[in-house]
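# Coordinate analysis (summary)
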Number of protein chains: 2
Amino acid sequence: MSNKYVYFFGDKKTEGDGSMRELLGGKGAGLAAMTKIGLPVPAGFTITTEVCDLYYKNGKAYPDGLDKQVDECIEKLERSIGKKLGDRDDPLLVSVRSGAVVSMPGMMETILNLGLTDESVEGLAKKTGNKRFALDAYRRFIMMYGSTAMGINREKFDRIFDAVKNEKTRKRLNISADKKVNDTDVDDNELGEVVKLFKELYKKEIGKDFPQDPKEQLWGSISAVFNSWMAEKAVTYRRVENIKGVVGTAVNVMQMVFGNKGDTSGTGVCFTRDPNTGENIFYGDYLINAQGEDVVAGIRTPIKLSDFEKADKKAYDQLVGVRKTLEENYKDMQDLEFTVEEGKLYMLQCRTGKRSPFAAFKIATDMVEEGLITKNDAIRRIKDRDIEGIFYPIIDPSQKDELKKKYLVNGIGAVPGAATGIVVFNAKDAEDRAAEGNKVILVRKETSPEDVGGMHAAAGILTATGGKTSHAAVVARGWGKCCIVGCESLNIDYKKGEFSVGDVVVRAGDSITLDGTSGDVYIGELKLKTSELPDSYQKIMKWADEIKKIKVRTNADTPYDAKKAIELGAEGIGLCRTEHMFFDTEERRLAIQEMIVANKVEDRVKALNKLLPFQREDFVGIFREMNGKPVTVRLIDPPLHEFVPHDESKQRELAAKIGVKYETVKQRVDQLHEANPMLGHRGCRLAITYPEILDMQVRAIIEAACKCKKDGIDVKPEIMVPLIIDYKEFGLIEERIRKLSDEIIKQNGASVTYMVGTMLEVPRAALLADKIAERAEFFSFGTNDLTQMTMGISRDDAGKFLPDYVDERKTGIFMNDPFQSLDTEGVGELVKIAAERGRKSRPNLKLGICGEHGGDIASVKFCASVGLDYVSCSPFRVPIARLAAAQYEAEKKS
Amino acid sequence: MSNKYVYFFGDKKTEGDGSMRELLGGKGAGLAAMTKIGLPVPAGFTITTEVCDLYYKNGKAYPDGLDKQVDECIEKLERSIGKKLGDRDDPLLVSVRSGAVVSMPGMMETILNLGLTDESVEGLAKKTGNKRFALDAYRRFIMMYGSTAMGINREKFDRIFDAVKNEKTRKRLNISADKKVNDTDVDDNELGEVVKLFKELYKKEIGKDFPQDPKEQLWGSISAVFNSWMAEKAVTYRRVENIKGVVGTAVNVMQMVFGNKGDTSGTGVCFTRDPNTGENIFYGDYLINAQGEDVVAGIRTPIKLSDFEKADKKAYDQLVGVRKTLEENYKDMQDLEFTVEEGKLYMLQCRTGKRSPFAAFKIATDMVEEGLITKNDAIRRIKDRDIEGIFYPIIDPSQKDELKKKYLVNGIGAVPGAATGIVVFNAKDAEDRAAEGNKVILVRKETSPEDVGGMHAAAGILTATGGKTSHAAVVARGWGKCCIVGCESLNIDYKKGEFSVGDVVVRAGDSITLDGTSGDVYIGELKLKTSELPDSYQKIMKWADEIKKIKVRTNADTPYDAKKAIELGAEGIGLCRTEHMFFDTEERRLAIQEMIVANKVEDRVKALNKLLPFQREDFVGIFREMNGKPVTVRLIDPPLHEFVPHDESKQRELAAKIGVKYETVKQRVDQLHEANPMLGHRGCRLAITYPEILDMQVRAIIEAACKCKKDGIDVKPEIMVPLIIDYKEFGLIEERIRKLSDEIIKQNGASVTYMVGTMLEVPRAALLADKIAERAEFFSFGTNDLTQMTMGISRDDAGKFLPDYVDERKTGIFMNDPFQSLDTEGVGELVKIAAERGRKSRPNLKLGICGEHGGDIASVKFCASVGLDYVSCSPFRVPIARLAAAQYEAEKKS
């Protein structure tokens, strides 16, 4: 660690640069970069993320020497600008902003107009010749400092301001009761009153006068930024976004520029391309005569960039130049914040812009075609959520009449896709109702960082105010979650728990449907359908398939799933669970239950013979769909008690249906009870105890294969034995499978070839992989169970303690939930050991993974890195796995 | 594999020798050895165990060339003896006996007098001038061949013989109805009748005449021996004795010699030392005018060797010579079978003799002192069951009046020790009642190989007939199981399920007590006590401690256990389970339950404060006992639901006692329910969720240590964190332990030093051992849980399938129950990995094992071989672990 804690920027010179994101945070690095390129950036300095880290490590104390370095930078800033903090004639004002390495929109606090005091506000008024402007800046500063740095409830300030507006401004301007009093309507006298009342509130709440020393204001603000790093909402955001290993936020102190200096001033937020569609157009919002906060908070609805061009062509053209420069520099779509002060453009921020899933594909492919980036870059930029996002549903357009009948209102379509669900009005209800299994639509006037948890839980978000760059839009876009903003006709009454549009009243719990593309809102539930995949998706996936090496199979138990998975690019079935087939119809269920209740081999065989034709037909269907592609069929795996009813009435019903005594059923079910079913009588242990079940399943598979083969279908069955722990155990079962299979093949005169392998899911099997591979032709890592046993964690019970292990504030023991992303250190080590040992005795041993990790990007990359032949995942995750496989290769090359 | 299947012996020359036990079996090797030394052994040949192996591998077909080799040997035998098989004047008769590499007494079948036919029986009569003898030999042969080779129920033969005896002999000799007709009373006419009836029975049962071709008889008998290898009783014996990896039995064909040729003939079984006490005296039984089977079967009660000396000094002296020769040759106590034919001694078998636990120690130490063997040999000869055996109880002699009052009858004390239990009359009842948790005494007229399962299940065995070398005695001795034989006053009625001695009737289910040392039987249950340890035990253990390197600790939760373990040689406590302490009194139980039901930290702390003084006092008691020896204390491990009641009435009771609502208790208990508690919220996961529990326990340990230290006691606490799966997890807990401990030590001003380490019981921890060892000062392998997770087997549920895995006939997948003897291939591999990785980052890392494997000989040797510092086991197993540790060193040296 160096002892340099503060980095200055200004006058086209910088102490840091754009590559120092870790240290300066995203915002600080962006400011340094833009300053260096020569873009118009107000001067300032960045206090590093390292200080934040040290601040927390030292029990909220700053490292030695920081104060001196800050003082020096302020002096430098004062010299550079020629103004002094707190000056009674022409004071220097600064903003204080947070900026972590990862963009956390709206999470960190910002304080503007710092440096204003009772004395310097006069200087500002004098210098600008605009008393109203100076007082407006002061009242904003008192409110931001009071609420953000000192923790006073912001609503208390709002109420004071509203009171003055209603009691004084409304009277003065004679505004009727049904109209709103705008901030701009308030005059300097009234603002003076507001400032007085704000300071009184401050004193009442804090017990001290509002600080009149700008240095005290500055350090109060710096602390506020650092403290916000561990605030509930910031931690929640990091949890939801799975942001780990980031040490803290930087603090950016920068000369104030003013977008609220009248109609030749303004402030804006823009994207260098359309963040929704990805189109190569300049996209953004501009608010005339406003400070930056007003745009992001969505309080006023802004104008479009095209209107900005009309309003101030010179500033606009300057901004277009900046757009080009930055895209060439960063080679990615940028999200910019800027302010125009009396016609002069200032850049306040630039960062890689969040984008919708559709835009992610479009921008990536466009930039390849524009020669800005390579195909590998494009592949690496796509995230799993982008793929998920483009598979999000749209409203089924065939419901034409319904659409007309149910149409309610139109807002700004901020994030495309569609969602239907029940209305809730706050984040907590959203989380609670979603946890109960409901799809919910969160309806808010505007959203704020406190709402992030509820927004994440919701299927869709609808706000009454705000533009496409408001908090709600930005956050939802990151998740590809359907969102409509700025729906101003919405009249929300939180207290009553309802909103109305004209005469129509919608209450909490009622269903509505959102179309995030058009911005249309509908009453009731509409049918959704999957949206069509854009060309850019097809391009990226084609490029991905060209470079990826590890194959992607799917977990599919039905011909329907198999077909769907092939459409999504699956190269085979890596896991076909046979037990699900037993539940398909009552006839099947009864047969398996009869088999379980039987206590003689003959009776079991009788029941199994009823199941045989069903199972055979299932396999025929699947083999047909997979023509030419391998199909790994796993033999029955769950413990038998999962197939039988556990309550008396159902047991009696079953007994009657299969013609045995109730006591027989009850006794058998009781007998099947296990203390730890995960480690119980399941998997191949069933084949050892009841070889007749094994025989039936093998017969079904091989007879189906023979039938298909005769019909000209290319069948590649791979019979997979679950839960193997020993080579002798595998050998016995394999021998039995081969004997029966070869007999059936011979009887049928079909030239079917098949493989026999094992699901590798018990630690012992991984350790004995060399011996098991002497007989097994393939291993498929069942990483769900392997994780349970290797870590000693029952997935069903993990809810009681695993969250504490993943929660950074509590322990931070694990970076990720090991059931979502493979634990590469522990479970992965066993996978490596098994792969190495297995290949040692059988060099062409086929290796795959069929746990749910097969559809997780990091896990797929790990699998590729240890040399597995394929991953297998649910059909819907197949494209993600393909992408991950390609990303692994792309990263290797870079 | 060679193509030599048959090995000849005779005329002091042999094709095989004593070292070829694997190939020739124990009996065959013994015969070859004795023949080579020049002892009088009838000529014959051995068909190898390899043939048995091939026989089963080829679907019960013999290898090519076997018949030719057997024919050649028969010719050689005929030449050597000068008689021919089936000869009508002077036929050669042979015996056919089994003989596996491991002695399996009574398991394999024997056929005598083979070669007798309707024709040759006349020749034998003529040659011996003894028609009665010839016919008696023939009727025995038909019965043995008919029952053993052809599977006719032996009782059918017995009934025919009894009928002739009762209807003809009784009348002829006018024997009164209350007396028994002896076999020797039957004359040649009557025997002729028996032979006729036996052959008729044979024809009726088999559908063919009794074979008159000796070669057909021979092959039938050879097949019978091979088939008996896989008979139920043989397999059961191997299972009970845990005999594995033995390919089959050999077949020994040998010239018949006759102990039943009148009063100068006889047959005997003897041991070169006393198999009960180990004393260096000649010990055995002799039956005048009898064939070998009569001794072993216990049908007649034999005379002692001293009486044999009186009866036939010459033969006896010859036998004494043999005894000396063989002990010098084998350097171990031998079990011999011999026959005297008309004054001439023939040796029929020699093998290492089974002995009682006391005898094992005595013989081993005596032989060291006699210079026959080394101390290392002595150590290697002691078995775990020998140690268990000498700890077996005796009847508490303080019950003098009781002893007098309850004395019933005296038999032959065949295996020392005492046993008390309820009477059962057959093997099945013995197994069933024992499985219900009863101690049972198996009472039989005589035992047979079919009874082995029941004998094993019984606490003691009592038979009405047989001597110290009868089946019951030999089998029970091997197990060190209390056994009384030859209790001839016993009148057993199997049908009524009772036995009587005079007027006293004892029914199934009544209690009796056996004194296996004196042979006394008592009515009712007597108090037993531990017997005193013999000097020879102390000697062996002293020698063991001199060479063993790995230390032996004990698992002890109370000062009482700790004290007992030290007496048995424990060098520390390797596992002190703290949770058992919570159940000691109601007060403690209530406090822990109150803690669990509480849902606020403050309430939990309040309840924990009640537990603190108890736990501290427990540790004080243990530290005192262990003065100077290390004590590993494991923090609370089981899931909390194990501490709370699960039925409504007890929950209501608890609620009332701790002053909360019943619903609160119920809800909390329901909440604690887990699908797989083994992999649930337990171990250090409790410390993560409820650090206040950790704090209380650490406080109790360290405060106790400080107190003891002040009292001048040398305390070495080792705090062990259970169920660790990650180094960060361990780091967090270790930090908390150290902080609190150091604080307490400082407050107390005591110079206590302590260690912090982990129980290594989850596969992931083994894989990450290097990182965990950076903070952990010791690992203690919890091989119970490590086995469960590595093998994916819940111990509580294993009963449903694990027996199939260990049963050789079903699968033979595992040699041993992995919960009894460590699975060295799988679990052991993880132990090795963890030891290596752990020592890599901390070379002086202390390593131990505290699973139940710590008291298993093979597992202790494994632990020594991978470099562990200690094993820990229950107090009673400490001597076994010490012995195993020494055996490992002794074996390394040899």
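Starting from 1, residues in each chain are numbered consecutively following that chain's sequence as written. Numbering of ligands from 1 and lettering of chains from A proceed in the order in which they are written. Residue-level local features of this predicted model are given only where pLDDT is at least 70; pairs of side-chain atoms are given and counted only at 80 or more, and the full residue set underlies all totals for whole chains, interfaces and linings. The side-chain figures draw on all heavy atoms in the structure; neither hydrogens nor water molecules are used.

### Points about the pattern of salt bridges
By definition, a salt bridge exists where a carboxyl oxygen of Asp or Glu is found within 4 Å of a side-chain nitrogen of Lys or Arg. Overall, the coordinates contain 154 salt bridges over all chains when judged by the stated rule. Residue Arg764 of chain B pairs with Glu825 of chain A through a salt bridge whose shortest N-O separation is 3.7 Å. Placement of the pair is Arg764 of chain B in helix α29 (residues 763–767) and Glu825 of chain A in the loop between α32 (802–806) and α33 (827–841), with the two residues belonging to separate chains. Each of Asp136, Arg139, Arg140, Asp162, Lys165 and Asp183 of chain A takes part in one network of salt bridges that share partners. Secondary structure elements are defined from DSSP: runs of H or I of at least 4 residues count as helices, runs of E of at least 2 residues count as strands, and each element is numbered from the N terminus.

### Quick notes on the relation of the copies chain B and chain A
Both copies of the chain are related through a single rotation about an axis accompanied by a shift along the same axis. The fit set for superposing copies consists of C-alpha atoms from residues with pLDDT of at least 70 in both; the fit itself is least squares. Here chain B sits on chain A after a turn of 179° about the axis and a move of 0.3 Å along it, with an RMSD of 0.3 Å. What the rotation and shift describe, once combined, is the action of a two-fold rotation axis. Closest approach to the rotation axis within chain B is made by the C-alpha atom of Asn676 of chain B, at a distance of 2.0 Å. When the interface residues of chain B are mapped onto chain A, 100% of them again fall at the interface, so both copies present the same face. In what follows, residue pairs with any heavy atoms lying within 4.5 Å of each other are defined as contacts.

### Thoughts on the sheet that holds strand β21 (residues 491–493) of chain B
Residue and element names in this part refer to chain B. Paired strands, as defined in this entry, are two strands with at least two bridges between them according to DSSP. Spatially, β21-β22-β23 is the arrangement adopted by the three strands of the open sheet, whose pairing is antiparallel. Of all strands in the sheet, those bounded by a partner on one side alone are β21 and β23 (504–507). Each strand of the sheet is rotated relative to its neighbour by a mean of 20°, with strand direction disregarded. Judged from the four bridges that link them, strand β22 (residues 498–501) and β23 form a sheet pairing that is antiparallel. Following the sheet pairing, Ser500 is matched in β23 by Val505. All axes here are fitted lines through C-alpha atoms, helices being fitted over the stretch that makes contact, and every angle between N-to-C directions spans 0 to 180 degrees.

### Here we look at the interface of chain B and chain A
By a frequent convention, interface size equals the accessible area lost on bringing the separate parts together. The interface of chain B with chain A comprises 51 residues on the first partner and 51 residues on the second. Between chain B and chain A lies a buried interface of about 4,400 Å² when both sides are counted; carbon and sulfur atoms form 57% of it. Among the salt bridges present, the one from Arg837 of chain B reaches Glu829 of chain A, with a minimum N-O distance of 2.8 Å. N or O atoms closer than or at 3.5 Å make up a polar contact, with two conditions inside protein: a donor-capable atom paired with an acceptor-capable one, and, for residues adjacent in sequence, both atoms drawn from side chains. At the junction of chain B and chain A, the tally comes to 32 residue pairs in polar contact (both at pLDDT 80 or more). Elements with a minimum of two residues in the side of chain B that touches chain A: α25 (662–672), α26 (684–689), α28 (727–748), α29, α31 (783–791), α32 (802–806) and α33 (827–841) of chain B. Classification used: nonpolar for Ala, Val, Leu, Ile, Met, Phe, Trp, Tyr, Cys and Pro, charged for Asp, Glu, Lys and Arg, polar for all others including Gly. Each residue belonging to the side of chain B that touches chain A can be placed in one class, and the counts come to 23 nonpolar, 13 polar and 15 charged. As a working definition, buried area equals the accessible area (1.4 Å probe) given up by two parts on being put together, with both sides summed.

### Concerning the confidence of the model for chain A
Here pLDDT means the predictor's own confidence in every residue, given as a number from 0 to 100. Within chain A, residue pLDDT values average 91, and 98% of them lie at 70 or more. Here the complex is predicted with pTM 0.81, and the ipTM for its interfaces comes to 0.81.

### What to know about the pairing of strand β34 (residues 870–873) of chain A
All names here are of chain A. Note on classification: 1.4 Å probe, protein chains only; a residue is buried when its accessible area is under 20% of the maximum for its type, exposed when over 50%, partly exposed between these limits. Side chains of β34 alternate between two faces, with Tyr870 and Ser872 and Val871 and Cys873 buried alike. Taken together, the four bridges between strand β27 (residues 551–555) and β34 define a ladder with parallel strand orientation. If you follow Val552 over to β34, its bridge partner there is Val871. Consider the strands pointing away from the viewer: the crossover is right-handed when the path from the first strand over the helix to the second runs clockwise. Remark: the strand β33 (residues 846–849)/helix α34 (residues 857–865)/β34 crossover connection has right-handed handedness.

### What to know about helix α12 (residues 313–330) of chain B
Residue and element names in this part refer to chain B. In this scheme, a helix's expected span is set at 1.5 Å multiplied by one less than its residue total. The terminal C-alpha atoms of α12 lie 26 Å apart, and with 18 residues this matches the ideal 26 Å at 1.5 Å per residue to within 8%. Within the span of α12, buried status applies to Ala315, Tyr316, Leu319, Val322, Arg323, Leu326 and Glu327. Taken around the axis of α12, the buried residues stretch over an arc of 125°, which confines them to a single face. Exposed and oriented more than 90 degrees from the buried face of α12 are Lys314 and Lys324. In this structure, the buried residues of α12 make contact with α1 (21–37), β9 (266–271), α11 (305–311), β12 (334–341), β13 (344–352) and α13 (357–369). Lys331 occupies a position one or two residues after α12 and carries a positive phi of about 55°. In this description, the arc belongs to the directions extending from the helix axis to the C-beta atoms.

### Some points on the environment of Glu674 of chain B
Along the chain, the position of Glu674 of chain B falls in the loop between α25 and α26. Taking C-alpha positions, Glu674 of chain B is 8.7 Å from His641 of chain B, a pair spaced 33 residues apart along the chain. With near-sequence residues (within four places) excluded, Glu674 of chain B lies in contact with Asp797 and Lys800 of chain A together with Pro639, His641, Gly680 and His681 of chain B. There is a polar contact of 3.3 Å between the side chain of Glu674 of chain B and the side chain of His641 of chain B.

### Quick notes on the packing of helix α22 (residues 586–597) of chain B against helix α23 (residues 601–625) of chain B
Residue and element names in this part refer to chain B. Following both chains from N to C, one finds α22 and α23 inclined at 145°, their axes separated by 8 Å at the closest point. α22 and α23 meet at a crossing whose hand is left-handed. Contacts between α22 and α23 involve Glu587, Arg588, Ala591, Ile592, Glu594 and Met595 from the first element and Arg604, Lys606, Ala607, Leu608, Lys610, Leu611, Phe614 and Asp618 from the second. Split by residue class, the contact of α22 with α23 holds seven nonpolar, no polar and seven charged. The crossing is said to be left-handed when, going from far helix to near helix, the turn is anticlockwise and less than a right angle, and right-handed when the turn is clockwise.

### With respect to the sheet that holds strand β23 (residues 504–507) of chain A
All names here are of chain A. One open sheet accounts for three strands, arranged β21-β22-β23; its pairing is antiparallel. Of all strands in the sheet, those bounded by a partner on one side alone are β21 (491–493) and β23. On average, each strand axis in the sheet is inclined to that of its neighbour by 20°, with strand direction left out of account. As paired elements, β21 and strand β22 (residues 498–501) share three bridges and run antiparallel to each other. From the neighbouring strand, Ile492 faces β22, where its bridge partner is Phe499.

### Overview of unusual backbone geometry
All names here are of chain B. Of note, Lys12 is a non-glycine position whose phi angle comes to about 65°, a positive value. Tracing the backbone shows Lys12 in the loop between β1 (6–10) and β2 (13–14). At Leu723, a position not held by glycine, the phi torsion is positive, near 60°. The topology assignment puts Leu723 in the loop between β30 (716–721) and α28. In this structure Leu723 comes out as buried when scored by relative accessible area, which is 0%.

### Some thoughts on the environment of Ile111 of chain A
Mapped onto the elements of the fold, Ile111 of chain A is located in strand β7 (residues 110–114). The residues contacting Ile111 of chain A, other than those within four sequence positions of it, are Val94, Ser95, Val96, Phe141, Met144, Tyr145, Thr148, Ala149, Ser221 and Ala224 of chain A.

### Thoughts on the side chain of Asn676 of chain A
Looking at where Asn676 of chain A falls in the secondary structure, it is placed in the loop between α25 (662–672) and α26 (684–689). Owing to a relative accessible area of 2%, Asn676 of chain A belongs among the buried residues under this scheme. Reaching out from Asn676 of chain A, the side chain makes a polar contact with the backbone nitrogen of Met678 of chain B at a distance of 2.9 Å. Not counting residues up to four positions away in its chain, the partners in contact with Asn676 of chain A are Ala675, Asn676, Pro677, Met678, Ser794, Asp796 and Asp797 of chain B.

### So, the packing of helix α31 (residues 783–791) of chain A against α33 of chain A
Between two packed helices, what matters for the description is the angle formed by their axes and the separation of those axes. Residue and element names in this part refer to chain A. Contact pair α31 / α33: the axes reach a minimum separation of 9 Å and the direction vectors enclose 110°. Considering their axes alone, α31 and α33 lie roughly perpendicular with respect to each other. Handedness of the crossing formed by α31 with α33: right-handed. Each of Leu786, Thr787, Thr790 and Met791 in α31 lies in contact with α33, whose residues at this interface are Val827, Leu830 and Val831. In terms of residue class, the contact of α31 with α33 is made up of five nonpolar, two polar and no charged. Angle categories: roughly parallel below 35 degrees, roughly antiparallel above 145, roughly perpendicular from 65 to 115, and oblique for all the rest.

### Remarks on the packing of aromatic side chains
In this analysis, rings of Phe, Tyr and Trp, with Trp reduced to its six-membered ring, are considered paired at centre separations within 6.5 Å, and the interplanar angle assigns stacked below 30 degrees, edge-to-face beyond 60, and tilted for intermediate values. All chains considered together, the criterion is met by 54 aromatic pairs over all chains. Ring centres 5.8 Å apart and planes at 25° place the aromatic pair Phe308 of chain A and Phe338 of chain A in the stacked group. In this pair, Phe308 of chain A sits in helix α11 (residues 305–311) while Phe338 of chain A sits in strand β12 (residues 334–341), placing the two residues 30 residues apart along the sequence. Per residue, the accessibility class of Phe308 of chain A equals that of Phe338 of chain A, and both read buried. With a centroid separation of 6.2 Å and an interplanar angle of 65°, the aromatic rings of Phe271 of chain B and Tyr283 of chain B are classed as edge-to-face. Taken together, the residues Phe271 of chain B in strand β9 and Tyr283 of chain B in strand β10 (residues 283–288) connect sequence positions 12 residues apart. As far as the burial class goes, Phe271 of chain B and Tyr283 of chain B line up, both buried. Among the aromatic residues, those joined into a cluster by ring pairs are Tyr55, Tyr56, Tyr62, Trp219 and Phe226 of chain A. Positioned above the aromatic ring of Tyr662 of chain A is the side chain of Arg652 of chain A, whose terminal nitrogen or guanidinium carbon lies 3.8 Å from the ring centre. Its end group placed over the ring of Tyr870 of chain B, Arg553 of chain B keeps NZ or CZ at 3.9 Å from the ring centre. In this scheme, Lys NZ or Arg CZ marks a charge over a ring once it lies within 6 Å of the ring centre and within 35 degrees of the ring normal.

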